[in-house]
Structure formats: structure tokens, C-alpha cells
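Examination of the molecular architecture
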Amino acid sequence: SSQNMRVIEELVKALLNKYKYLYEVRLQKLIYTTELYTIANYGTRLTTVDFHPYMYGAYSNAVHEAIESVAVKKDIVVRDRVKTPKYLSYGVEQATLTPEAKAVIQSVHARTKSTPTSELIADSKNTWLYKHHDTGETMDFEAYWENRLKDTQKDTLEQYDQTAPDILPEALTSISCD
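In this text the structure is predicted, and so the values were computed from the model without any measurement.

Quick notes on the rules
- Residues numbered from 1 in each chain as written.
- Predicted model: local features only at pLDDT ≥ 70, side-chain atom pairs only at ≥ 80, totals over all residues.
- Heavy atoms only, no water.
- Pairing = 2+ DSSP bridges.
- Helix = DSSP H or I, 4+ residues; strand = E, 2+ residues; numbered from the N terminus.
- Axes fitted to C-alpha atoms, helices over the stretch in contact; angles between N-to-C directions.
- Contact = heavy atoms within 4.5 Å.
- Left-handed = near helix turned anticlockwise from the far one by under 90°.
- Nonpolar A, V, L, I, M, F, W, Y, C, P; charged D, E, K, R; others polar.
- Expected span 1.5 Å × (residues − 1).
- Buried < 20%, exposed > 50% of the residue type's maximum accessible area, 1.4 Å probe, protein only.
- 1 Å grid on protein atoms, 1.4 Å probe; cavity = no way out; pocket = protein on both sides within 12 Å on 5 of 7 lines; lining within 4 Å.
- Points joined across faces, edges and corners; volume = space filled by probe spheres on them.
- Polar contact = N/O pair within 3.5 Å; in protein donor to acceptor, adjacent residues only side chain to side chain.

Here we look at the sheet that holds strand E4 (residues 73-79)
- Pairing is antiparallel across the open sheet formed by 3 strands, whose spatial order is E1-E5-E4. Both edges of this open sheet fall to strand E1 (21-23) and E4, since each of them pairs with a single strand only. This sheet shows a mean twist of 35 degrees between the axes of neighbouring strands, independent of strand direction.
- Pairing of E4 with strand E5 (residues 82-88), which is carried by 7 bridges, proceeds in the antiparallel orientation. Across the sheet, Val-78 pairs through a bridge with Lys-83, a residue of E5.
- Packed onto the sheet, helix H2 (residues 24-42) meets E1 and E5 and runs at close to 90 degrees relative to E1.

So this is what it looks like as C-alpha cells:
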């Protein structure tokens, strides 16, 4: 839905604004990590976007579209002999997100800012969702949640954070300020 697209665009803006630039593969993993973080700590997701397992971990077409529509400036760089867009934060407007959503992104950023992208990819491939779905298949977040609820150890949840901001799950159901 267009409402969902707006939310993803705002997440992309919020994350891009924390860096000078980002490559799409990292942005994809950061948004996936953010989804796992909100599930683990609040029992809800920030978006309803579909993710699929691919070669470089979890991938979402909707996130790709959001990046393309939000990033005002990009450089094309050659990495491993492949032309890759480098999305610059320069000129990207501030995200209009609720304080709760901003707090979540801040926490995820604090946890991931010094993690190399290769590690984020590996982490993404190690998640229950990635391992329990075939390449290209839509990841079932509901099944993931039900499966994890049976697991008595809360801290085995991917991205569980004892220091997560104190936020009511309802506050995360509508995160865009429009």
C-alpha cells in the first residue's frame, strides 16, 4: 500500500541521514534488522513490507523502490567489477517519524554502526526467517513470531536488547508523522 511505502521511505531517510552514504545492500540489511529488533523487543513490526531470502541475505523490492525514490544523489562506483550505486545522504530531507520510531532507529544504529556490511549479511543469513524460507519465497513474520513465542528464552530472540527504549507496542503501529 502507499501508506506502507511512505513508512519505508521515512525509514530509508532516517537511516541515510545517519551516514554520509550507504550502499543498498547495507540499507536493506539495516531495515531488516530494524524489523527483527522491533519484533524481539515490542512484538510488532514497523512495516508490513515483504522480505525474501536472496544471495546477500534478506531483500525487499519495496525497500529497493523506497531507496530509489528517496535518494536525491547517487554516485555509481565499481565494486568487485560491478557498477553499484552509492546513495548519498546529502540533500535527503529529515524523516517525519514518531519519537518512538526514531528511538528504535537510534538503538539499531547504535548496535550496527560499526558492524561491517559483510557481517550484517552473514547475520541476516543466520536468522530463523532466512533459514526457514526458500530463495525468493516471502518470509512469514507471523510464523517467526509464533515459533519464537514457544521459545521460553526471550534473549534467544534475534536482536533482543535489554536496554531497548521503553515503548508501548501500540506506539509503533503508526510511525509516520503525517
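Focus on the packing of helix H1 (residues 2-16) against helix H3 (residues 61-70)
- Remark: H1 packs on H3, axes separated minimally by 9 Å, with the N-to-C direction vectors making an angle of 65 degrees. Crossing angle aside, the handedness with which H1 passes H3 is right-handed. From H1, Met-5, Ile-8, Glu-9, Val-12 and Lys-13 reach across to H3, where they touch Ala-62, Val-63, Glu-65, Ala-66, Ile-67, Ser-69 and Val-70.
- Partitioning the contact of H1 with H3 into residue classes produces 8 nonpolar, 1 polar and 3 charged.

Points about H1
- Taking 1.5 Å per residue, 15 residues should reach 21 Å; H1 reaches 21 Å between its end C-alpha atoms and fits that length.
- Counting buried positions along H1 yields 12 of 15 residues, so the element is predominantly enclosed.

Thoughts on the layout of surface pockets
- By volume, the largest pocket is sized at about 540 Å³.
- Around the largest pocket sit 18 residues that line it, and Val-25, Tyr-56, Arg-79, Thr-84 and Ile-121 are the ones nearest its centre.
- Elements supplying a minimum of two residues to the lining of the largest pocket: H2, strand E3 (57-59), E5 and helix H5 (117-125).
- Looking at the lining of the largest pocket, its residues break down into 9 nonpolar, 4 polar and 5 charged.
- If you add up the space inside the second largest pocket, you get close to 210 Å³.
- No other element matches helix H7 (residues 141-150), which puts 3 residues into the lining of the second largest pocket.
- Its residues assigned to classes, the lining of the second largest pocket shows 3 nonpolar, 4 polar and 4 charged.

Brief notes about the side chain of Thr-84
- Considering the arrangement of structural elements, one finds Thr-84 in strand E5.
- A residue is classified by how much of its surface remains accessible, and Thr-84, at 19% relative accessible area, is buried.
- At 3.2 Å, the side chain of Thr-84 and the backbone oxygen of Val-82 are in polar contact.
- Setting aside residues up to four positions removed in sequence, Thr-84 forms contacts with Tyr-23, Asp-75, Ile-76, Val-77 and Arg-79.

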